[in-house]
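Observations on chain architecture
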Amino acid sequence: MAEDKKKAVEEKIPEDVALYLKNLRVKFVLEKETVYAVNGIDITLKKGKTLGLAGETGAGKTTTALSMLRLVPYPGKVECDRLVVDGKDVLKMKQKDLEKFRGADLAMIFQDPMTSLNPVFTVGQQIADAIMLHNPTTKEQAFKSAQQMLELVGIPAARAVEYPHQFSGGMKQRVVIAIALACNPGVLIADEPTTALDVTIQAQVIAMMKKLRDERGMSMIMITHDLGIIADVCDEVAIMYAGKIIEYGTLRDVFNHTKHPYTEGLFNSLPNIHNRDERLKPIPGLMPDPSNLPKGCAFAPRCRYATAACKEKVPEPRMVSDTHMVACSAYDDPAFRIERPEKD
Amino acid sequence: MAENILEVRNLKKYFKTPRGMLHAVDDVSFSIEKGHTLGIVGESGCGKTTTGRCILRLVEPTSGEIFFEGRDITKLGRGEMKKLRKDMQIIFQDPFSSLDPRYTINQTLTETLKINKIVTGKKAIENRVLELMETVGLAERLINTYPHELDGGRRQRIGIARALALNPKFIVCDEPVSALDVSIQAQILNLLEDLQEKLGLSYIFITHDLAVVNHFADEIAVMYLGQIVEKAPTQELFDNPMHPYTQALLSAIPIPEVIENRQQTILSGEISSPINPKDECRFAKRCRFSCDGCREKNPPLVEVKPGHFVACGRCGEL
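Residues numbered from 1 in each chain as written. Chains lettered and ligands numbered in written order. Predicted model: local features only at pLDDT ≥ 70, side-chain atom pairs only at ≥ 80, totals over all residues. Heavy atoms only, no water.

Observations regarding the domain arrangement of chain B
All names here are of chain B. Per the domain assignment, the segments making up chain B are domain 1 (4-87 + 168-310) and domain 2 (104-163). Between the C-alpha centres of domain 1 and domain 2 there is a distance of 30 Å. Listed by partner, the interface residues are 13 residues for domain 1 and 11 residues for domain 2. Of the roughly 970 Å² buried at the junction of domain 1 and domain 2 (both faces included), carbon and sulfur atoms supply 69%. Taken as a group, Lys 86, Ile 188 and Leu 191 account for 39% of the area that domain 1 buries against domain 2, more than any other trio of residues on that side. For the interface between domain 1 and domain 2, the tally reads 0 salt bridges. At the junction of domain 1 with domain 2, the criterion picks out 2 residue pairs in polar contact (both at pLDDT 80 or more). No other element matches the 7 residues that helix H6 (residues 182-199) contributes to the side of domain 1 that touches domain 2. (Domains from an automatic or database assignment. Contact = heavy atoms within 4.5 Å. Buried area = accessible area lost by both parts, 1.4 Å probe. Salt bridge = Lys/Arg side-chain N within 4 Å of Asp/Glu carboxyl O. Polar contact = N/O pair within 3.5 Å; in protein donor to acceptor, adjacent residues only side chain to side chain. Helix = DSSP H or I, 4+ residues; strand = E, 2+ residues; numbered from the N terminus.)

Here it is in structure tokens:
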């Protein structure tokens, strides 16, 4: 801990960085086993940018998000070298500071709008509660602001007196977004915000989020398994596998100059909308059990390029350009290329 | 023309609710050729699942005819229907709730075989179970595992094995991959494709994922509020969508590619209530082309090109 503090003094975070996360590790110590959910993650999010965090179930996306809010539930153990949001060192915060920090500096939208709203309060009250928690204001004033927030997300202000069950799924998610944005956070984490919604409603909600983000100059972390949404919304992409970021770069880096075999596998698994007869090429096997991770590269057992060395050695992150990182030992051989062709 | 395995005519399913009649499926007709796949797409509440269940009579249709291999099955009694269900099976969306948690893979499959007397004799049943497991790509060592010990992809494989146990000719796949991760989704889709080729199966593939249905189906029916609004061969539907709703659906697909300034048609509003719908185009409220005429009469499904059907009053002029 003392060492951590010393490091914190040494490292200065540039002004234009909205969120800085260094070496995040999360494990859940259970009776019989220890689940290693997140195993060393670094994120640097610049102000006004959107980072997409993609990966499959169990990759550690949501745990990473919860760690940033310091909301990982018991028996989770979070270790982290540094977490700075908007210039504030989150790891040094006491409980009281954290309560102020959550929602005002860093807000989160959860996946399921059906369960993240309280069924016994009107939506107006719930938004007003969030406002009053962070701003000294009267009830009436807060309720007025809540109505404005509803208008902002495309719901008539008159519906502020209604209860969540009177809203459809898409509308509920809009209310959740209104609550998250009520205190004008600098950084917004959206955890699969449209997974529970229909495609046309998803398109509505995504378009609205993009508009609000741009208007407010907000930074965003978009967690999703849908690479289509990433392409639509994000400036940068981090692909996660078994609790690690295995490829990180700008949207173009990752989508057009794919480097990691897992990222390639994800793209190959998706039906090609331009060529319907092309057979899908799934990734064989399953994600490894996080309580029993393989010794070397966690993806090696499913990787068609894997060598004996991959199964022994944990791959080091390597920069292939100024913005593009890949963690794959196969690139030790300078001639190594994956099959997916590069685009511009 | 090839032989139709299934033909549905004017299928209706209304549910009684305190607020009036809910038109879940409202006058739907289609047919499927042997060995082909019909994709039914639409959003939650459009009646696609109810349609699938009516065909198997898991839900009794309010009216309409369903011909399976030329026989109207809506008139069949319980005993005859039970026999027929060997030929018609269903794979459910959620592999987590459609399996009995207290049954191992072996028990689940054995029960199906025993009840329907597909094979008799202990040894024969055991062999058939192993054969089914191999067909769907489940390792033999898993034979005595319970559903909770398995991941979603493997559970869905059990669901498929259970459907195949009775040697069906026709399977309703109700969102079989929507609960699964992409890499597993691709494994299951390939498996269903291989089985179709090997066993000559016909499918109804119900989904909300247009990219998946584009890959998987020969023909697509787009449903909106209980009715088919457009029906065409897959390539034709994607190349030349005519109904404004289909156009909006296609435009809303998130495409995993870097596209500069993609133009999307974003629909305003939400699906309206299926309870006591008025005699008007059900999509009119959300349609950017709607005019007074659209609100006077519900447009019928008409053939505008060979094999391409559209239900839109303004389709000719647009």
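The structure having been displayed, the exposition proceeds.
Some details on the sheet that holds strand S10 (residues 236-241) of chain A
Residue and element names in this part refer to chain A. Spatial ordering of the open sheet is given by S7-S8-S9-S3-S10-S11-S13-S12, a layout of 8 strands whose pairing is mixed. Two strands lie at the open edges of the sheet, namely strand S7 (106-109) and strand S12 (318-319), each paired on one side alone. Two elements, S10 and strand S11 (residues 244-250), share 6 bridges in a ladder whose sense is antiparallel. Following the sheet pairing, Val 237 is matched in S11 by Gly 249. Running over the sheet, helix H7 (residues 199-216) touches strand S3 (50-54), S7, strand S8 (187-191) and strand S9 (219-224) and is turned about 160 degrees from S9. (Pairing = 2+ DSSP bridges. Axes fitted to C-alpha atoms, helices over the stretch in contact; angles between N-to-C directions.)

Things to note about the sheet that holds strand S1 (residues 4-17) of chain B
All names here are of chain B. Taken in spatial order, the 4 strands of this open sheet run S2-S1-S4-S5, and their pairing is antiparallel. On the outer flanks of this sheet lie strand S2 (20-33) and strand S5 (71-72), each paired with one strand and no other. As paired elements, S1 and S2 share 11 bridges and run antiparallel to each other. Within the sheet, the bridge partner assigned to Thr 17 lies in S2 and is Gly 20.

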